[in-house]
Amino acid sequence: MALRAVAALRYDGSEHFWISDMQPRMLMHPLQPELDGQRLGELKDSHGSAPFDAFVATVRSDGKGFVAHRWPEPGSAPAQDQLAYVMGFTPWGWILGGAVPVDDLQHSQWREVA
């Protein structure tokens, strides 16, 4: 029930959350359900970094935090720079995460300045 509830959540219009575990394995991705159940530790972004390993490392060391990575958004071919915020949920061994494209953050900052 918790996975379904989080899958339905959106912020800033269409942005979403995902849930993985400490293995790391995807437990729920609302836009890419083909990832559900898959181990993601070997998954590398276009810069050769392993974002899901970085999410686990961040949660293990600090419990939560920001992680820069590259990820292809569904429907867009090339991976784009993203900033994720991940938080551990220790009782269930989960990592809850959400990410936004860096371009969106930069556009938002410029709107504030203008």
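Everything numeric here is computed off the predicted structure, so don't read it as measured data.

A. Main features of the pattern of salt bridges. Taken as a whole and assessed by the stated rule, the structure comprises 2 salt bridges. The shortest N-O distance in the salt bridge between Arg-25 and Asp-21 comes to 2.7 Å. Of the residues examined, Arg-25 reaches a relative accessible area of 31% and is grouped as partly exposed. Arg-70 is the salt-bridge partner of Asp-81, the closest N and O atoms lying 2.7 Å from each other.

B. Quick look at the nonpolar core. Counting residues in each nonpolar core, the largest one holds 14 residues, and the members touching the most others are Trp-18, Met-26, Phe-52, Phe-55 and Val-86. Looking at this core, the elements that each hand over two or more residues are α2 (51-62), β3 (64-71), β4 (80-89) and β5 (94-101). Broken down by element, this core gets its largest block of residues, 4 residues, from α2.

C. Inspection of the sheet that holds β5 at higher detail. Strand order in the open sheet formed by 5 strands is β2-β1-β5-β4-β3, with antiparallel pairing between adjacent strands. With partners counted over all chains shown, the strands left at the sheet margins are β2 (26-28) and β3, one partner each. Neighbouring strand axes in the sheet, compared pairwise and without regard to direction, differ in orientation by 35° on average. With 8 bridges joining them, β3 and β4 adopt antiparallel strand pairing. Within the sheet, the bridge partner assigned to Arg-70 lies in β4 and is Asp-81. Of the strands in this sheet, β1 (17-21), β2, β3, β4 and β5 touch α2, which is tilted by about 170° from β3.

D. Just the packing of aromatic side chains, in detail. Tallied over the full model, the rule gives 8 aromatic pairs. Consider the rings of Tyr-11 and Phe-17, whose centres lie 4.9 Å apart with planes at 45°: the pair is tilted. A relative accessible area of 24% means that Tyr-11 is categorised as partly exposed. Its relative accessible area of 27% is what places Phe-17 among the partly exposed residues. Both rings, one in Phe-66 and one in Tyr-85, keep their centres 4.9 Å apart while their planes meet at 65°; by these two values the pair is edge-to-face. Of the two residues, Phe-66 sits in strand β3 while Tyr-85 sits in strand β4, which places them 19 residues apart along the sequence. You can call Phe-66 exposed: its relative accessible area is 59%. Judged by its relative accessible area of 32%, Tyr-85 falls in the partly exposed class. These aromatic residues form a ring-pair network of at least three members: Trp-18, Phe-52, Phe-55 and Trp-71.

Conventions and cut-offs
Residues numbered from 1 in each chain as written. Predicted model: local features only at pLDDT ≥ 70, side-chain atom pairs only at ≥ 80, totals over all residues. Heavy atoms only, no water. Salt bridge = Lys/Arg side-chain N within 4 Å of Asp/Glu carboxyl O. Buried < 20%, exposed > 50% of the residue type's maximum accessible area, 1.4 Å probe, protein only. Core = buried A, V, L, I, M, F, W, Y, C linked by side-chain atoms within 4.5 Å. Helix = DSSP H or I, 4+ residues; strand = E, 2+ residues; numbered from the N terminus. Pairing = 2+ DSSP bridges. Axes fitted to C-alpha atoms, helices over the stretch in contact; angles between N-to-C directions. Contact = heavy atoms within 4.5 Å. Phe/Tyr/Trp six-rings, centres within 6.5 Å; stacked < 30°, edge-to-face > 60°.

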